[in-house]
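Each chain, written out:
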Amino acid sequence: MKINPNSRTLKSKNLIVFDLDGTLTRTKSPMDPEMAALVMRLLAVKKVAVIGGGKYRLFQTLFLQRLKAPGHLLKNLFLFPTTATSFYAYKSGWKKIYALYLSGAQRRKIKKAFQDVFREIGYKHPRRVYGRVIEDRGTQVTFSALGQDVVAVLGEKRGVLLKEKWLRENRDIKMRIARYLTNLLPEFEVRAAGFTSIDVTKKGIDKGYGLKQIEKYAGERIKNMVFFGDAIFPGGNDYGIIRTGVDYIPVTGPAETKKIIRALLKNQK
């Protein structure tokens, strides 16, 4: 259930679960030094898990390389890239614990379905895109309206502003694509993610599934967790956590996340 960030309930939690894109970082942007310092302090007193739609390499460049935490703290950190279709834990270095790969036939079917939907609704791609629009991540296939590399190519400021503009102008279209895909691909999970993305994974694999894996591998019951995310709404890629019964706190972005982490750390004293 949704809880108040200032409640005693938050202080009592043993494990804090964060969405990555839009919660700990701005979309496809490196974690800033202030957030890195807060996460490091949090790891000293709590277990922390991070779930995001990006692949592991993105977790490395946007999150881990910015964190620079010592090994004894990294043992308290659990990473779930590509919407929890893979899991990495720190054991004298980062180790892949599992990866739920889509078959070649499944990936081809998903990519064809995207093309079919684009034709059906008359969707026109932007005149200029940056990198792949449909990316095969092995465990997940992801549509990114402006291309996967828009922030990397244009820089954080221009890239994020362009993604925000696209979402303001195309939110209804994005959700329409997601609805059509859901009808075409009933055997898969379809989730609207971030500002410009739609993720497709195996059926039943979403962030709710990820919480169950955290419970299994981190040794903490879901009742002892709290989830932070910016897309906890029907069709959003954080919404799957609702069915687990986990306590959660919706946030509007990294600035709000920082504010709550600071209050939590203060209350730990």
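Up top is the structure.
Being a predicted model, the structure only gives us computed values, none of them experimental.

Asker: How would you explain the nonpolar core if you had to name every residue and give the values?
Answerer: Side chains that are nonpolar tend, in soluble globular proteins, to be buried together. Among the nonpolar cores identified, the biggest contains 34 residues, and Val-50, Phe-63, Leu-67, Leu-77, Leu-79 and Phe-228 are the most heavily contacted of them. Among the secondary structure elements, those contributing two or more residues to this core are β1 (15-19), α2 (33-43), β2 (47-51), α3 (56-67), α4 (71-74), β3 (77-80), β10 (225-229) and α10 (254-268). Those residues within four positions of Phe-63 in sequence are excluded, and the remaining contacts are Leu-20, Leu-24, Met-31, Val-39, Val-50, Leu-58, Leu-77 and Leu-79. Val-117, Val-133, Trp-166 and Ala-178 belong to the second largest nonpolar core, which has 28 residues in total.

Asker: Before we move on, can you summarise the packing of helix α6 (residues 104-121) against helix α8 (residues 156-184) with the specific residues and values?
Answerer: Where α6 contacts α8, the axes come no closer than 10 Å and their chain directions differ by 125°. With respect to each other, α6 and α8 are oriented oblique. Crossing of α6 against α8: the hand is right-handed. Only Arg-176, Ile-177, Tyr-180, Leu-181 and Leu-184 of α8 make contact with α6, whose side of the interface consists of Ala-113, Phe-114, Asp-116, Val-117, Phe-118, Glu-120 and Ile-121. A breakdown of the residues in the contact of α6 with α8 according to their chemical character gives 9 nonpolar, no polar and 3 charged.

Asker: Account for α6, with residues named and values stated.
Answerer: Look at α6: 26 Å from first C-alpha to last across 18 residues, which is about the 26 Å you get at 1.5 Å a residue. By the burial criterion, the buried members of α6 are Ile-110, Ala-113, Phe-114, Val-117, Phe-118 and Ile-121. All buried residues of α6 fall inside an arc of 135° around its axis, so they share one side. For α6, exposure combined with an orientation more than 90 degrees from the buried face picks out Arg-108, Lys-112, Arg-119 and Glu-120. Structurally, α6 contributes buried residues whose contacts are with β6 (134-136), β7 (141-144), α8, β8 (188-193) and β9 (197-202). In the segment just after α6, Gly-122 is the residue with positive phi, at about 70°.

Asker: Could you give an account of the sheet that holds β9, with specific residues and numbers?
Answerer: Across the sheet, 4 strands lie side by side as β6-β7-β9-β8; this open sheet has antiparallel pairing. Strand pairing shows two members of the sheet lacking a second neighbour, β6 and β8, which therefore form its edges. On average, adjacent strands in this sheet sit at an angle of 20° to one another, irrespective of strand direction. Direction of pairing for β7 relative to β9: antiparallel, over a ladder of 4 bridges. Bridge assignment links Phe-143 to a residue of β9, and that residue is Ile-198.

Asker: How would you summarise the pattern of salt bridges if you had to cite specific residues and measurements?
Answerer: In the structure shown here, the tally under the stated rule is 20 salt bridges. Of the charged contacts, one joins Arg-119 and Asp-116 as a salt bridge, the two residues approaching to 2.4 Å between their closest N and O atoms. Taken as a pair, Arg-119 and Asp-116 lie in helix α6 at a separation of 3 residues, close to a single helical turn. Residue Arg-119 is classed as exposed on the basis of its relative accessible area of 60%.

Asker: Give a detailed account of the sheet that holds β2, specifying residues and quantitative values.
Answerer: Whether parallel or antiparallel, the strands of a sheet pair through hydrogen bonds between backbone atoms. Across the sheet, which stays open at both edges, the 7 strands sit in the order β5-β4-β3-β2-β1-β10-β11 with mixed pairing between neighbours. Strands with a single pairing partner mark the edges of an open sheet, and in this sheet they are β5 (94-99) and β11 (247-250). Neighbour-to-neighbour, the strand axes of this sheet turn through a mean angle of 20°, independent of strand direction. Strand direction decides the pairing type here: β2 and β3, joined by 4 bridges, are parallel. Across the sheet, the residue bridging to Val-50 is Leu-79, located in β3. Packed on one face of the sheet, α3 meets β2, β3, β4 (86-90) and β5 and runs near 155° to β3. Along the sheet, helix α9 (residues 207-218) makes contact with β1, β2, β3, β4, β5 and β10, crossing β2 at roughly 150°.

Asker: Go over the packing of α2 against α10, please, and point to the residues and values.
Answerer: Between α2 and α10, whose axes approach to 10 Å, the crossing angle comes to 35°. The way α2 lies across α10 gives a crossing that is left-handed. Contact residues: α2 offers Glu-34, Met-35, Leu-38, Arg-41 and Leu-42, while α10 offers Pro-254, Thr-257, Lys-258, Ile-261, Arg-262, Leu-264 and Leu-265. Split into classes, the residues belonging to the contact of α2 with α10 amount to 7 nonpolar, 1 polar and 4 charged.

Asker: Please provide a residue-by-residue account of the side chain of Lys-258, values included.
Answerer: Topologically, Lys-258 is positioned in helix α10. A polar atom in the side chain of Lys-258 sits 3.0 Å from the side chain of Glu-34. Not counting the four nearest positions on each side in its chain, Lys-258 is found in contact with Asp-32, Glu-34, Met-35 and Leu-38.

Asker: Before we move on, can you summarise the packing of aromatic side chains with the specific residues and values?
Answerer: In the structure shown here, the tally under the stated rule is 13 aromatic pairs. Measuring from ring centre to ring centre gives 5.3 Å for Phe-118 and Tyr-123, while their planes differ by 40°; the resulting arrangement is tilted. In this structure an aromatic cluster arises from ring pairing among Phe-78, Phe-80, Phe-87, Tyr-98 and Tyr-217.

Basis of the calculations
- Residues numbered from 1 in each chain as written.
- Predicted model: local features only at pLDDT ≥ 70, side-chain atom pairs only at ≥ 80, totals over all residues.
- Heavy atoms only, no water.
- Core = buried A, V, L, I, M, F, W, Y, C linked by side-chain atoms within 4.5 Å.
- Buried < 20%, exposed > 50% of the residue type's maximum accessible area, 1.4 Å probe, protein only.
- Helix = DSSP H or I, 4+ residues; strand = E, 2+ residues; numbered from the N terminus.
- Contact = heavy atoms within 4.5 Å.
- Axes fitted to C-alpha atoms, helices over the stretch in contact; angles between N-to-C directions.
- Parallel < 35°, antiparallel > 145°, perpendicular 65-115°, else oblique.
- Left-handed = near helix turned anticlockwise from the far one by under 90°.
- Nonpolar A, V, L, I, M, F, W, Y, C, P; charged D, E, K, R; others polar.
- Expected span 1.5 Å × (residues − 1).
- Arc of directions from axis to C-beta.
- Pairing = 2+ DSSP bridges.
- Salt bridge = Lys/Arg side-chain N within 4 Å of Asp/Glu carboxyl O.
- Polar contact = N/O pair within 3.5 Å; in protein donor to acceptor, adjacent residues only side chain to side chain.
- Phe/Tyr/Trp six-rings, centres within 6.5 Å; stacked < 30°, edge-to-face > 60°.

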